[in-house]
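Architecture and fold: a report
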There are 2 protein chains.
Amino acid sequence: MKPTAAVLSVGNEVLRGSVVNTNAAFLGRELTGLGFEVISHAVCPDSQEAIRFRLGEILRRADAVFVMGGLGPTPDDVTREGVAAHFNVPLVFSEPQYRRLQKLYKRFGKRIPPLVKREAFYPENAKPLINRFGIALGFSIETSQKLVIALPGVPAELKSMFFDVVLPVLRKKYGKLLGSRKLVARMAGISEPDVMKRLGKDFFDEPFDFGIYPAPGEVTIRILAESAAVFSRVKRKIAARLKDRIYAWDETPLAGVIAQILKKKKKTLAVAESCTGGLLASKITAESGASAFFRGGTVAYHALVKKKLGVPGKLIQDHGEVSAQVAAQLALSVREKMESSYGIGITGIAGPGGGSSRKPVGLVYIGLATPDGKARAWKHLFWGERHQVQARAAMKALEHLWMAIR
Amino acid sequence: MKPTAAVLSVGNEVLRGSVVNTNAAFLGRELTGLGFEVISHAVCPDSQEAIRFRLGEILRRADAVFVMGGLGPTPDDVTREGVAAHFNVPLVFSEPQYRRLQKLYKRFGKRIPPLVKREAFYPENAKPLINRFGIALGFSIETSQKLVIALPGVPAELKSMFFDVVLPVLRKKYGKLLGSRKLVARMAGISEPDVMKRLGKDFFDEPFDFGIYPAPGEVTIRILAESAAVFSRVKRKIAARLKDRIYAWDETPLAGVIAQILKKKKKTLAVAESCTGGLLASKITAESGASAFFRGGTVAYHALVKKKLGVPGKLIQDHGEVSAQVAAQLALSVREKMESSYGIGITGIAGPGGGSSRKPVGLVYIGLATPDGKARAWKHLFWGERHQVQARAAMKALEHLWMAIR
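Residues numbered from 1 in each chain as written. Chains lettered and ligands numbered in written order. Predicted model: local features only at pLDDT ≥ 70, side-chain atom pairs only at ≥ 80, totals over all residues. Heavy atoms only, no water.

Let us now look at the interface of chain B and chain A. Many authors give the size of an interface as the accessible area that is lost as the parts come together. At the interface, 58 residues of chain B touch 60 residues of chain A. Here chain B and chain A share an interface that buries about 4600 Å² over both sides, 56% of which is from carbon and sulfur atoms. Across the pair glutamate 339 of chain A and lysine 308 of chain B runs a salt bridge whose closest N-O atoms are separated by 3.1 Å. Summed over the shared surface of chain B and chain A, the result is 30 residue pairs in polar contact (both at pLDDT 80 or more). Among the residues making up the side of chain B that touches chain A, the classes are represented as 23 nonpolar, 21 polar and 14 charged. The pairing of strand β2 (residues 37–44) of chain A with strand β2 (residues 37–44) of chain B spans three bridges and is antiparallel. (Contact = heavy atoms within 4.5 Å. Buried area = accessible area lost by both parts, 1.4 Å probe. Salt bridge = Lys/Arg side-chain N within 4 Å of Asp/Glu carboxyl O. Polar contact = N/O pair within 3.5 Å; in protein donor to acceptor, adjacent residues only side chain to side chain. Nonpolar A, V, L, I, M, F, W, Y, C, P; charged D, E, K, R; others polar. Pairing = 2+ DSSP bridges. Helix = DSSP H or I, 4+ residues; strand = E, 2+ residues; numbered from the N terminus.)

Right, let's talk about the pattern of salt bridges for a bit. Note that side chains of opposite charge can pair when their charged atoms are close. Applying the stated rule across the entire model yields 42 salt bridges over all chains. Between aspartate 318 of chain A and lysine 314 of chain A there is a salt bridge whose closest N-O contact spans 2.5 Å. You can see aspartate 318 of chain A and its partner lysine 314 of chain A sitting in helix α12 (residues 313–319), four residues apart, about one turn around the helix. Look at aspartate 318 of chain A and you get partly exposed, because its relative accessible area is 47%. Aspartate 194 of chain B is the salt-bridge partner of lysine 197 of chain B, the closest N and O atoms lying 3.9 Å from each other. Of the two residues, lysine 197 of chain B and aspartate 194 of chain B are both situated in helix α7 (residues 192–199); the distance of three residues between them amounts to about one turn of the helix. Members of the salt-bridge network, linked through shared partners, are Arg54, Glu57 and Arg61 of chain A together with Arg54, Glu57 and Arg61 of chain B. (Buried < 20%, exposed > 50% of the residue type's maximum accessible area, 1.4 Å probe, protein only.)

Attention shifts here to helix α14 (residues 386–405) of chain B. With 20 residues, α14 of chain B should reach 28 Å at 1.5 Å per residue; the first-to-last C-alpha distance of 29 Å fits that figure. The element α14 of chain B is largely enclosed, with a buried count of 17 among its 20 residues. (Expected span 1.5 Å × (residues − 1).)

For the rest of this paragraph, the subject is the domain arrangement of chain A. Entries for chain A in the domain assignment read domain 1 (4–174), domain 2 (181–248) and domain 3 (254–405). The C-alpha centroid of domain 3 of chain A is placed 45 Å from the C-alpha centroid of domain 1 of chain A. (Domains from an automatic or database assignment.)

In structure tokens, the structure reads:
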């Protein structure tokens, strides 16, 4: 029987949509991965009474509740008070925590602001959880049946505290229960329906949690299985039926997989982008250590820039800026100019403007130049808004490269 | 008295954090802007009983409830059933809706799959809401006191349906109540504490909702005021105290503001990026119509590419790749090469590797070349992880350009 978990986010800015609640997604992912069944996310306003009420309501249904946000120093941060009110205990002041904060400010040559004194208070029945990455103190409250964990809402602090101080608490309390194994398979160049078709009906004859998540140009499968036997059988089936499309058995993005392969093979890459406008280069350089294989890129947005890169004006006149010939030439030229092993060229119409009946919005040509000095080009028609066309095109370019080097 | 609204998202994939709930943020923002008080977000699993229970619980507290997700054709989509169960009504089949779906499939030369028949059912007491952007039918249920709106969870469909078919329903039911005025001010190059300091204590002597939202390199203020008098006084105060930092009085991003200015002045732009790896170019080209002013960019990741761009090897030897001189030269070279009015050059250390005591991770030089053929460079030290340093550097580059052209 899985332990159940719930997430309670505190903050008017979340209710009003001024911030996207990535914290809830992070906790949902981590807790599910650990083997919790996440049964509820809730968001409530910065109100002591609202926090007290929602926490009580959720604790009736969940074993572990994670309260996020409202732990700052300003008067509208009342999570401490709301949680204490639920347990009907006072807040207590922690000298050591306050001295820790004083040291922290001293290190930056500052005196501790009076407001920050609030950060040293926590509910009497709680254990403080030290935050190495900020001033907001977290805390955990354990009863015979339940667990309440309060964490700051700043995503970077929440994440690092989760791995630092929360995981040990969870392992200690739920260690025996958290049995389930997590399987991840990331695929490129296949649609969600096709993944389901390939897996087939018999795939689902066994007891496991199955999730399938499409994103522009890729699909991710996540599976939770209690039994080791089921886990390995399921993994064998997935490998057998989808191997040719799977680029990672973990959460590594395709750009990261390509980075690993190119480094291993001591090959380099350069890209020339038109309609993706730098998105492909930024996907590649988002991975640290890209300098080991990524020579650079050109955003050849204007025809003039394409010519400078070495695309003959005649080629553009004869076939148009958006053509297989120009895509291939962009790949060849950037490879040569930047002296790389591989070159990618992208040209297309991201929209909303610039489309025609012959060359509609979403039409994208992707060229790939290989170490042998040759180039190929592929034609694609992507649907969606501008940012979707750009995202699908960048992802498809990575897919073509991956197919060529894997 | 503001009408209250609540958001109920349906889906295990949300609970498990496999998708970030951007829909809740979108609705929170739109509903707040319209003048609703958003009192709750909740997420529940794909279970008819869970939907029925949560909907009933939320309807006791909110005037309008927006149920998202679980309207797809597969058997695990049970929002229709859950909502109907709460109102204790059967589902009814809509011939016109089914014919609409048949036409839709026909247009793509397909026969309608049997599963999709489910998409033509909705609760007997509901009005269907047509989805021009997908097959999932939405619906609205109006009682004397309450309003329930069900929308598909696909973000693109949700957004377009909100403006298409939901807004009219809200205006009709709540028109008189939705009085509050929304004020937005976006600022670059100023920190959250400095904005608060400049606004001063007296600023908050009037009755209005105030929100301040920092993002890498910028701060956004959002204010809701019931009274027109308060609204204009507040706006005057903000203008007087922060004018020099405000780049937009609406949600337009800085890249969009720069696009407007450059188009108006008939000037063009080219960028040469190192540590931001294409992020700056992609921010600029994310705005449609960028081709009117954006010549292109170079991602000069490798020293070799910097040289090719026209940065003398000696300059790199004397001052290092990460230096004010190289940043300025990158700006000059790319401006010249791409024949643009302005050129931006960025060189720095995004980390996590590559830092030293003299040149630590986060050190970034930004160069700006102007139509007079001159260039300046600024030195910055950005904190945070790799993606944060990249985001702050790209934003700061836009800020320098904006200061020069506004």
